[in-house]
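Descriptive structure summary
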Amino acid sequence: MLSPAETRSPFQWRNINHPMMLTSRNSSSHPVSFILLGIPGLENSQFWVAFPFCAMYVVALVSNITLLHVIRTDPTLHEPMYLFLAMLATTDLVLSTSTQPKMLAIFWFHDHEIEYHACLIQLFFIHAFSSVESGLLMAMALDRYVAICFPLHHSSILTPSVVGKLGGGVMMRGLLWVSPFCFLVSRMPFCPSRIIPQSYCEHMAVLKLVCADTRVNRAYGLFVAFSVVGFDIIVISVSYVIILRTVLGLPSGEARLKAFGTCASHICVILALYIPALFTFLTHRFGHHVPRVVHVMFAILYLLVPPMFNPIIYGIRTKQIRDRVIQGCSRKDSQLKA
């Protein structure tokens, strides 16, 4: 049985006269906290909607941790492709964990309130590690390009040192490019309304609560989107065009099939990340007629589907990883029977 406070509509939330809505104007003009609505329009169904989201989150945790364990414990997998895959799994764990626990608390326990600084931290982790994920997909495309176009020099070009520098560069780019988001927002005055019609704190959603000119913030957001994702997509596209030309020029049909197979997993992961990301980005800025429930659902899936599917796709399509997982499960099964 839900209490009246737990069944408030967005309109009722908007009219709450919270005694600690804003800190003193002498010290700051930001609210003490925000209210995350969850999925506007599905308030009565959120409790049940949370179950598939929870299942997806558990799958993401288990599969990514398993993937990391397999790569860490098997020296034969300490190659560029698998090292990048380990970085991707770590990024997926951070991305999903930065949003899902709070989201499930909203859906199951009606814990809609999020503290101001916690909201900015969540915003930072979401955007920084989304940038890192995009950069890692670019690095993995470069790895496939070198492996297929220069197979004899792959190990000498992509040494562990080069792989580490690429991973570190992608991480630094995400941290440095996204940090100004939080800095700029923290210096802006907020309107009395503190309702975020989302399930987590996202830059554009928080920016809509600011009572000031936000053109600089919006311009910087577009700059980051095009300089990060735009650059990564260009590099990925050029890499795969060259890969395609090289593969089609191979004399053996079996060799062509094998080369396509090594790239198929990566292409699936790229599509799983960029399609919902592009939809979310465009609807925030131009999709004023898109139903809010559709927008919010895509925003949730954007941060949940890639972390769940990435290790599954690579685990199924990559023979070395699949074999190690099967061997590990068989060994545990034998130990239990013994």
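Residues numbered from 1 in each chain as written. Predicted model: local features only at pLDDT ≥ 70, side-chain atom pairs only at ≥ 80, totals over all residues. Heavy atoms only, no water.

1. As for the packing of aromatic side chains
- Across all of its chains, the model carries 15 aromatic pairs by this definition.
- The interplanar angle of 85 degrees and the centroid separation of 5.6 Å between the aromatic rings of Phe181 and Tyr220 together place this pair among those described as edge-to-face. Remark: Tyr220 occurs in helix α8 (residues 215-248) and Phe181 occurs in helix α6 (residues 160-186); sequence separation between them is 39 residues.
- Take Tyr220: its relative accessible area is 19%, and that puts it in the buried class.
- Every member of this aromatic cluster is reached through a ring pair, and the members are Phe47, Trp48, Phe51 and Trp108. (Phe/Tyr/Trp six-rings, centres within 6.5 Å; stacked < 30°, edge-to-face > 60°. Helix = DSSP H or I, 4+ residues; strand = E, 2+ residues; numbered from the N terminus. Buried < 20%, exposed > 50% of the residue type's maximum accessible area, 1.4 Å probe, protein only.)

2. Brief notes about the sheet that holds strand β2 (residues 113-115)
- Ordered in space as β2-β1-β3, the three strands form an open sheet in which the pairing is mixed. Each of the sheet's edge strands pairs with one partner strand only, and the pair in question is β2 and β3 (195-196).
- In this sheet, β3 lies alongside strand β1 (residues 33-36) in parallel orientation, the contact comprising two bridges. In the strand pairing of β3, Ile35 is matched with Ile195.
- The sheet strands contacting helix α4 (residues 116-149) are β1, β2 and β3, and the helix crosses β2 at an angle near 85 degrees. (Pairing = 2+ DSSP bridges. Contact = heavy atoms within 4.5 Å. Axes fitted to C-alpha atoms, helices over the stretch in contact; angles between N-to-C directions.)

3. Topic: the nonpolar core
- Formed by 86 residues in total, the largest nonpolar core has its most connected members in Leu137 and Ile196.
- With 16 residues, the single largest contributor to this core is α4.
- Those residues in contact with Leu137, other than ones at most four positions away along the chain, are Leu88, Ile236, His266, Val269, Ile270, Leu273 and Tyr274. (Core = buried A, V, L, I, M, F, W, Y, C linked by side-chain atoms within 4.5 Å.)

4. Description of the state of the cysteines
- Taken as a whole, this structure holds two disulfides when the rule is applied.
- Here Cys119 pairs with Cys201 through a disulfide, and the sulfurs are 2.0 Å apart. Judged by the sign of its S-S torsion, about -120 degrees, the bond between Cys119 and Cys201 is left-handed. Linking Cys119 in helix α4 with Cys201 in the loop between β3 and α7 (203-207), this pair joins segments that are 82 residues apart in sequence. Each member of the pair, Cys119 together with Cys201, is buried.
- Covalently, Cys191 is tied to Cys211 through a disulfide, its sulfur atoms 1.6 Å apart. The sign of the S-S torsion, about 125 degrees, decides the handedness of the disulfide formed by Cys191 and Cys211: right-handed. In this pair, Cys191 sits in the loop between α6 and β3 while Cys211 sits in the loop between α7 and α8, placing the two residues 20 residues apart along the sequence.
- Relative accessible area serves as the criterion here: at 42%, Cys211 is assigned to the partly exposed category.
- Across the protein chain, the disulfide pattern expressed with sequentially numbered bonded cysteines is 1-3, 2-4.
- Here Cys182 is not disulfide-linked; the sulfur of Cys119 is the nearest cysteine sulfur, at 9.2 Å. (Disulfide = S-S within 2.5 Å.)

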